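Examination of the molecular architecture
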Amino acid sequence: MTEMTASALAAYAEKLSRVKAEIGKAIIGQKQVVDEVLISLLAGGHCLLQGVPGLGKTRLLRTLADVISLPFGRIQFTPDLMPSDLIGTELLTRGQDGERRFEFQPGPVFASMLLADEINRTPPKTQAALLEAMAERHVTFAGTSHPLPEPFFVMATQNPLEQAGTYPLPEAQLDRFLMMIEIDYPSLEEERDILALTTREATSAPQSVMTADDIIELQQWVRQVMISDAMLDYAARLVRSTRPSDQSSQSRQWIRWGAGPRAGQAVIMSAKASALLNGRLAVTQDDIAAVAIPVMRHRIILNYAADAEQVTVDQVLREVIAELPGAHDPLAPETS
């Protein structure tokens, strides 16, 4: 692994900037969504995208796979999808010696970048098979473990509107996603550009900028990004402020269950990836605040009072962040 120096980081920062520029050839707008997806990838986690159909979720991941030269796979989750349709199965084959034996045939989960489309449309047993693969980075069939490729990144999607015939992910399974990313409608200018881009003769396709080895190295670098004790304390207080038992938060009146320790781990890893994405060697308070909402929005359950008042999780988290006193970071540069 290359030593993480300022010059090496600057070279990777330039590559990551080119990655975003190449993605911009196919994806109009949605810059925050692109940044959050890249943070999830660099942090070694997975993300759950929530948005109505037609906002470019499939196009985004396919473009990212092209730009980073990674094998892309897509699975359309349906009510009749079985775990073996996902992870693979064993087939009876005849070898060169004439002997018959069972041979494992890998399923579509064996892709470096996997789009799990409408994950909430498949039964819990199949959902669990994917989430186990995400957590363990391997699948087990007939007592044999089969490692998944490195890097391995899953972007699952779900439609927030049409809930008929769906199997909502339990909170324990939602917690396995590093981030839940909300994708919204484009602005008027962005939508006009989308219409122009997608209805004319094809222009230059996004070019490959990075490789799998680059991503693996960056994922290793993320853990080396510095974070001060003050920033660790700030992240811990931020997560604890989402719990109803915390007396320092005025927002606890809306919360039934707050974020657990895994949320704190996810905040730190995502903040480190955010710093790396922006070409910095140390985490700042802005990094933590930027990732707090997508990291915790699926780890908090609101109470009936919030439902009655139509208060959303994002609103509560913004209040929590606004209420929390800042922290002096000795690693941050001083300003005059």
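Values in this document were obtained by computation on a predicted structure and should not be read as measured data. (Residues numbered from 1 in each chain as written. Predicted model: local features only at pLDDT ≥ 70, side-chain atom pairs only at ≥ 80, totals over all residues. Heavy atoms only, no water.)

**Side note on the side chain of Gln219**
- On the secondary structure map, Gln219 appears in helix H8 (residues 212-222).
- The exposure class of Gln219 is buried, given its relative accessible area of 17%.
- Separated by 2.8 Å, the side chain of Gln219 and the backbone oxygen of Leu41 make a polar contact.
- Among all residues touching Gln219, those that are not within four sequence positions of it are Leu41, Leu42, Gly44 and Pro151. (Helix = DSSP H or I, 4+ residues; strand = E, 2+ residues; numbered from the N terminus. Buried < 20%, exposed > 50% of the residue type's maximum accessible area, 1.4 Å probe, protein only. Polar contact = N/O pair within 3.5 Å; in protein donor to acceptor, adjacent residues only side chain to side chain. Contact = heavy atoms within 4.5 Å.)

**Quick notes on the sheet that holds strand S2 (residues 72-76)**
- What the five strands build is an open sheet, ordered S2-S5-S8-S1-S9; its pairing is parallel. Edge positions in the sheet fall to S2 and strand S9 (179-182), since each has one partner strand and no second. The sheet shows a mean angle of 20° between the axes of neighbouring strands, direction not considered.
- Pairing of strand S5 (residues 113-117) with strand S8 (residues 153-158) involves four bridges; the strand directions are parallel. Within the sheet, the bridge partner assigned to Ala116 lies in S8 and is Ala156.
- Its contacts with the sheet place helix H2 (residues 31-42) against strand S1 (47-50), S5, S8 and S9, and it is angled at close to 165° to S9. (Pairing = 2+ DSSP bridges. Axes fitted to C-alpha atoms, helices over the stretch in contact; angles between N-to-C directions.)

**Remarks on helix H13 (residues 313-323)**
- Residues of H13 that are buried: Val313, Asp314, Val316, Leu317, Val320 and Ile321. Angularly, the buried residues of H13 cover 160° about the axis, an arc narrow enough to put them on a single face. Pointing more than 90 degrees away from the buried face of H13 are the exposed residues Arg318 and Ala322.
- Buried residues along H13 sit in contact with helix H9 (229-240), strand S10 (255-257), helix H11 (285-296) and strand S11 (301-302). (Arc of directions from axis to C-beta.)

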